[in-house]
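A closer look at the structure
Here is how the chains run, residue by residue.
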Amino acid sequence: MIDFACKEFKIEDVIKCALNLTKADLKVMKYFLNEKEQWVDTDYLSKILKLDISTIQRSVKKLHEKEILQRSQQNLDGGGYVFKYKVNSRAKIKNIIMSVVNSWADRLGQELDKWENGG
């Protein structure tokens, strides 16, 4: 827990908020953090996490765009391809989250400066 002035926050809540994640996104991310060396596709994730395939696809897309997940294309023998995903390092994820938190702190500082000056 993180104690900030009048409220305590679970680290998971801070991560979810900083990355703007849904519950499903967080569930997918947690799976990858526990299976960090494994490349998996969305069909596998859908079965293992018991979530609809479209929910999984949205989550991995968002997590990839936020650089939480790496993506690799596997070409299929009969043509076509499938994407497989793997989590980036916790250090990289921490840096992404800290960037968001620092940006928030900077904006808060600017708003407090305006407030201090009567604005």
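Residues numbered from 1 in each chain as written. Predicted model: local features only at pLDDT ≥ 70, side-chain atom pairs only at ≥ 80, totals over all residues. Heavy atoms only, no water.

The name given to the protein chain in an unreviewed UniProt entry is TrmB family transcriptional regulator, with Methanosarcina spelaei as the source organism.

Focus on helix 4 (residues 53-65)
Within an α-helix, residues lying three or four positions from one another point in the same direction, as the helix has 3.6 residues per turn. For helix 4, with 13 residues, the first-to-last C-alpha span of 18 Å sits near the 18 Å given by 1.5 Å per residue. If you check which residues of helix 4 are buried, you get T55, I56, S59, V60 and L63. Take helix 4 and look down its axis: the buried residues cluster within an arc of 125°, on one side only. Opposite the buried face of helix 4, by more than 90 degrees, sit the exposed residues R58, K61 and E65. Those residues of helix 4 that are buried are in contact with helix 2 (23-34), helix 3 (42-49), strand 3 (69-75) and strand 4 (81-87). With its phi angle positive at about 65°, E67 sits one or two positions after the end of helix 4. (Helix = DSSP H or I, 4+ residues; strand = E, 2+ residues; numbered from the N terminus. Expected span 1.5 Å × (residues − 1). Buried < 20%, exposed > 50% of the residue type's maximum accessible area, 1.4 Å probe, protein only. Arc of directions from axis to C-beta. Contact = heavy atoms within 4.5 Å.)

Examining the layout of surface pockets
The calculated volume of the largest pocket comes to roughly 740 Å³. Lining the largest pocket are 24 residues, with V14, I15, A18, I97 and V101 positioned closest to its centre. For the lining of the largest pocket, the secondary-structure elements that each account for two or more residues are strand 1 (2-4), helix 1 (11-18), helix 2 and helix 5 (90-116). (1 Å grid on protein atoms, 1.4 Å probe; cavity = no way out; pocket = protein on both sides within 12 Å on 5 of 7 lines; lining within 4 Å. Points joined across faces, edges and corners; volume = space filled by probe spheres on them.)

A look at the packing of aromatic side chains
The final tally for this structure, using the stated rule, is two aromatic pairs. Each ring, one from Y31 and one from F32, has its centre 5.6 Å from the other, and the planes form 80°; the classification is edge-to-face. An identical accessibility class is assigned to Y31 and F32; each is buried. With a centroid separation of 5.2 Å and 65° between ring planes, the pair formed by Y81 and F83 is classed as edge-to-face. In this structure Y81 comes out as partly exposed when scored by relative accessible area, which is 48%. Taking the relative accessible area as the measure of exposure, F83 reaches 24% and is therefore partly exposed. (Phe/Tyr/Trp six-rings, centres within 6.5 Å; stacked < 30°, edge-to-face > 60°.)

Things to note about the pairing of strand 4
As judged from the seven bridges shared by strand 3 and strand 4, these two strands associate in the antiparallel manner. Paired with R71 across the two strands is Y85, which belongs to strand 4. Between strand 3 and strand 4, which pair antiparallel one after the other, the connecting turn spans five residues, and G79 there sits at a positive phi close to 105°. (Pairing = 2+ DSSP bridges.)

Some details on the side chain of N88
As for its position among the elements, N88 is in the loop between strand 4 and helix 5. Relative accessible area serves as the criterion here: at 14%, N88 is assigned to the buried category. In terms of polar contacts, N88 uses its side chain to reach the backbone carbonyl oxygen of E67, at 2.7 Å. (Polar contact = N/O pair within 3.5 Å; in protein donor to acceptor, adjacent residues only side chain to side chain.)

A look at the UniProt feature "domain: DnaD N-terminal" (unreviewed entry) in the protein chain
Residues given the UniProt feature "domain: DnaD N-terminal" (unreviewed entry) here are residues 10-106. Measuring from the first to the last C-alpha atom of residues 10-106 gives 22 Å, for a span that is 60% helix and 14% strand. (UniProt positions renumbered as here; feature names shortened; annotations may be inferred.)

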